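Summary of structural features
Residues per chain are reported as follows:
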Amino acid sequence: MPNLAALGGEPVRREPYPEWPVFDQRDIDAVTQVIQSGRWGGFPYPGPNTLKLASAFAEMQGGGYAVPMMNGTVTMEVAMRASNIGWGDEVIVPALTFQATAAAPMAAGAIPVIADVDPQNYCIDPLVVEKAVTPRTRAIIVVHLGSQMADMDAIMEIAERFHLVVVEDCAHAHGAQWRNRGAGTIGDFGSFSLQSSKILTTGEGGILLCRTPELAEKAASIIDCGRPKDSAEKQFTMGANYRLPEIQAALGLVALERFPDQMKQRAENVQYLEESLSEVPGIRLLRRDERLTRRSHYLYGFAIDNEVFGAEHQAVCFALEKEGIPAEEGYPPMHHYDLFQPLLSKLPVSSAFPERFDFKKMSLPVAERAGEFESVWLSECIFRAGRKGIEDAVNALSKLQKNRDEMVQIEEKRKQMPGV
Ligand SMILES: Cc1ncc(COP(=O)(O)O)c(C=O)c1O
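Residues numbered from 1 in each chain as written. Predicted model: local features only at pLDDT ≥ 70, side-chain atom pairs only at ≥ 80, totals over all residues. Heavy atoms only, no water.

**Considerations on the site of the ligand**
Rules: We call a residue near a given molecule or strand whenever any one of its heavy atoms falls within 4 Å of it. Polar contact is the term for a pair of N or O atoms within 3.5 Å; when the atoms are in protein, one must be able to donate a hydrogen and the other to accept it, and sequence-neighboring residues count only if both atoms are side-chain atoms. Per-residue and other accessible areas follow the Shrake-Rupley method at a 1.4 Å probe size, with only the shown protein chains counted as cover for residues. Residues were grouped as follows: Ala, Val, Leu, Ile, Met, Phe, Trp, Tyr, Cys and Pro as nonpolar; Asp, Glu, Lys and Arg as charged; and all remaining residues, including Gly, as polar.
Lining the immediate surroundings of the ligand are 17 residues, of which Gly72, Thr73, Asp169, Ser193 and Lys198 lie closest. Measuring from a nitrogen atom of the ligand, one finds a side-chain N or O atom of Asp169 at 2.7 Å. Take His172: an N or O atom from its side chain is 2.9 Å from an oxygen atom of the ligand. When the ligand is considered free in solution it has 390 Å² of accessible area, and contact with the protein chains removes 90% of it. For the shell around the ligand, a count of residues per class yields six nonpolar, nine polar and two charged.

Structure representation (structure tokens):
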């Protein structure tokens with residue numbers, strides 16, 4: 001009789017982890033009030049809830065001028081446009097992230113230049129960034145991935161030296177702090193997603209934190225169809241309707257009330273997880289950087305030793321799911337996304353573009369290793385299920401590792417049936 005649930009054994013956990021998003025009467029009342037007010041959408045911009053959300057969010061994050069908008073992708077496109085970044089400009093992005101980080105500069109007309117990540121935190125590697133800068137480079141978009149933050153000291157030093165705009169993609173980093181400064185308040189822009197899986201959610205939504213009121217004014221104009229926001233300015237400029245509806249803003253205000261307690265709960269449980277995980281052979285924890293003074297946990301990532309587990313990360317995540325533990329293998333390396341293959345994305349790849357834009361020829365060894373073999377990401381819900389929730393996750397990992405021979409069978413089956 002096999003031990004692992006993936007082969008028919010008894011799973012470690014039968015009880016589901018807590019649902020997300022959570023809600024109570026406050027959300028229902030907030031939405032009801034917006035419905036009764038008759039002002040459902042985002043026009044005229046900003047509405048009363050949107051204004052309140054902007055100031056409450058900037059206060060929670062510890063600085064910046066917040067402009068709420070439709071999602072955490074247009075936030076980055078707007079950051080590009082507000083900085084006059086567009087056709088022919090190069091924007092350096094990390095190789096491990098959601099496609100939005102590269103799609104947003106492309107939407108503004110810029111070319112994403114993909115940089116490898118640091119094996120210690122899976123965030124963009126400043127040494128690689130520095131080498132990727134050319135006279136056409138205008139910006140760096142860093143992603144604070146999972147529970148980590150990119151090395152903002154090194155990134156800001158490079159940006160200052162080469163006069164580059166810095167956008168922090170904080171879709172995973174609401175509430176996080178680097179040297180006691182809020183994620184998204186260190187660079188020129190902080191981009192936040194409020195999409196339904198995120199730890200601060202309005203269903204759909206985004207917030208762009210801007211370093212100056214002038215940048216915030218430009219961003220507000222771009223998302224409001226280019227309406228002038230400066231009283232001296234009379235003309236429409238280029239823009240589109242990317243406004244956040246008032247219903248979403250009202251939900252955001254309630255979500256902010258809950259957020260500090262949820263963040264604290266996740267942090268306590270992650271602390272316990274790290275202490276326990278260090279006892280499971282074949283697991284490499286990412287670096288606990290002391291400069292990351294407040295951690296926030298959307299996903300929690302670590303690396304597995306494929307030899308010790310007898311399998312690659314896809315099979316490990318599949319087996320974990322069967323044990324009742326939600327886990328995912330994470331993003332594939334960005335240069336393997338079809339979207340960014342030059343022919344499909346219609347990027348010009350002729351002689352005008354050097355080899356480094358031909359993604360098929362790129363080698364990004366750290367992202368390839370993480371994205372194709374070793375990274376495992378535990379879902380946020382695990383950190384809201386008390387110590388038992390953590391113990392189940394650790395026991396499941398330990399069980400997989402102890403049943404290496406069964407993991408080898410699962411891996412073999414998976415390789416015969418792609419997609420499993
Ligand atoms: C790293 C990262 N950046 C950007 C986004 C885009 O956010 P949205 O879905 O709100 O457009 C996401 C969303 O999943 C993300 O994970």
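**Structural notes on the sheet that holds strand 8 (residues 189–193)**
The following threshold applies: Any two strands between which DSSP finds at least two bridges are classified as paired. The helix count covers DSSP runs of H or I at least four residues long, the strand count covers runs of E at least two residues long, and both are numbered beginning at the N terminus. Axis definition: a line fit to C-alpha positions, over the contact stretch in the case of helices; interaxial angles, taken between N-to-C directions, run 0 to 180 degrees. The criterion used for residue contact is that any of the two residues' heavy atoms lie within 4.5 Å.
In space, the seven strands of this open sheet follow the order 1-9-8-5-4-2-3, with mixed pairing throughout. The outermost strands of the open sheet, each flanked by one partner alone, are strand 1 (65–69) and strand 3 (111–115). Taking the axes of each pair of neighbouring strands and ignoring which way they run, one obtains an average angle of 20 degrees across the sheet. Seen against the sheet, helix 7 (residues 213–223) touches strand 1, strand 8 and strand 9 (206–210) and runs at an angle of roughly 10 degrees to strand 1.

**Digging into helix 13 (residues 386–402)**
An α-helix turns once every 3.6 residues. As a result, residues three or four positions apart point the same way. Rules: Here the expected length of a helix is defined as 1.5 Å per residue gap, with one fewer gap than residues. Summary of the burial criterion: residues with accessible area below 20% of their type's maximum are buried, those above 50% are exposed, and those between are partly exposed, where the area comes from a 1.4 Å probe applied to protein chains only.
For helix 13, which comprises 17 residues, the first-to-last C-alpha distance of 25 Å matches the rise-based estimate of 24 Å (1.5 Å per residue) to within 8%. Gly389, Ile390, Asp392, Ala393, Val394, Ala396, Leu397, Ser398, Lys399, Leu400 and Gln401 are the residues of helix 13 that are buried. Taken together, the buried residues of helix 13 touch helix 8 (246–277), strand 10 (283–285), strand 11 (299–304), helix 9 (306–309), helix 10 (313–322) and helix 14 (404–416).

**Points about the pattern of salt bridges**
Note the threshold: Note on definitions: salt bridges are taken to be side-chain nitrogens of Lys or Arg within 4 Å of carboxyl oxygens of Asp or Glu.
One pass over the structure, following the stated rule, counts 35 salt bridges. One salt bridge in this structure joins Glu274 and Arg288, with 3.5 Å as the shortest N-O distance. Taken together, the residues Glu274 in helix 8 and Arg288 in the loop between strand 10 and strand 11 connect sequence positions 14 residues apart.

**Observations regarding unusual backbone geometry**
Between Trp20 and the following residue, Pro21, the backbone shows a cis peptide bond with an omega angle of 0 degrees. Residue position: Pro21 is located in the segment before helix 1 (25–37). Note the cis peptide between Tyr45 and Pro46, where omega equals -5 degrees. Residue placement: Pro46 occurs in the loop between helix 1 and helix 2 (48–61). If you check the backbone angles, Asn180 has positive phi at about 65 degrees while not being a glycine. Assignment of secondary structure puts Asn180 in the loop between strand 6 (177–178) and strand 7 (181–182). A relative accessible area of 57% means that Asn180 is categorised as exposed.

**Here we look at the pairing of strand 5 (residues 165–169)**
The following threshold applies: By the criterion used throughout, a crossover qualifies as right-handed when its path from the first strand across the helix to the second strand runs clockwise, the strands pointing away from the viewer.
Burial runs high along strand 5: five of the five residues are buried. Bridge analysis of strand 4 (residues 137–143) against strand 5 gives five bridges, and the strand direction is parallel. Within strand 5, the position partnered with Ile140 by the bridge is Val166. Chirality of the crossover, the property in question, places the unit of strand 4, helix 6 (residues 152–162) and strand 5 among those that are right-handed.

**Remarks on the confidence of the model for the protein chain**
Put simply, the rule reads: For every residue, the predictor assigns a confidence score, pLDDT, that lies between 0 and 100.
Averaged over every residue, the pLDDT of the protein chain is 94; the share at 70 or more is 95%. When pLDDT is averaged over each element of the protein chain, strand 5 comes out on top at 99 and helix 11 (residues 342–345) at the bottom at 65.

**Describing helix 6**
Inclusion rule: It is the directions from the helix axis to the C-beta atoms whose arc is reported.
Among the residues of helix 6, Met152, Ile155, Met156, Ile158 and Ala159 are the ones counted as buried. Within helix 6, the buried residues cover an arc of 160 degrees as seen down the axis, which keeps them to one side. Taken together, the buried residues of helix 6 touch helix 5 (126–132), strand 4, strand 5 and strand 6. The backbone nitrogen of Asp153 lies 3.2 Å from a side-chain oxygen of the residue at the head of helix 6, namely Asp151.

**Thoughts on the packing of helix 10 against helix 14**
Counted only if it meets this: Between 65 and 115 degrees an angle is taken as roughly perpendicular, under 35 as roughly parallel, over 145 as roughly antiparallel, and anywhere else as oblique. Each crossing is labelled by how the near helix is turned from the far one, with a counterclockwise turn of less than a right angle marking it left-handed and a clockwise turn marking it right-handed.
Packing of helix 10 against helix 14 brings their axes to within 9 Å, and their N-to-C directions diverge by 110 degrees. Here helix 14 runs roughly perpendicular to helix 10, going by the angle between their axes. Of the two elements, helix 10 crosses helix 14, and the hand of that crossing is right-handed. Residues Gln314, Ala315, Val316, Phe318 and Ala319 of helix 10 form the contact with helix 14, whose participating residues are Met407, Ile410, Glu411 and Arg414. The class makeup of the residues in the contact of helix 10 with helix 14 is six nonpolar, one polar and two charged.

**A word on the state of the cysteines**
What makes a disulfide is a covalent bond joining the sulfur atoms belonging to two cysteines. Quick note on the threshold: In what follows, a disulfide is any cysteine sulfur pair within 2.5 Å.
Enumeration according to the criterion identifies zero disulfides in this entry. Here Cys317 is not disulfide-linked; the sulfur of Cys381 is the nearest cysteine sulfur, at 13 Å. By relative accessible area, Cys317 is classed as buried at 2%.

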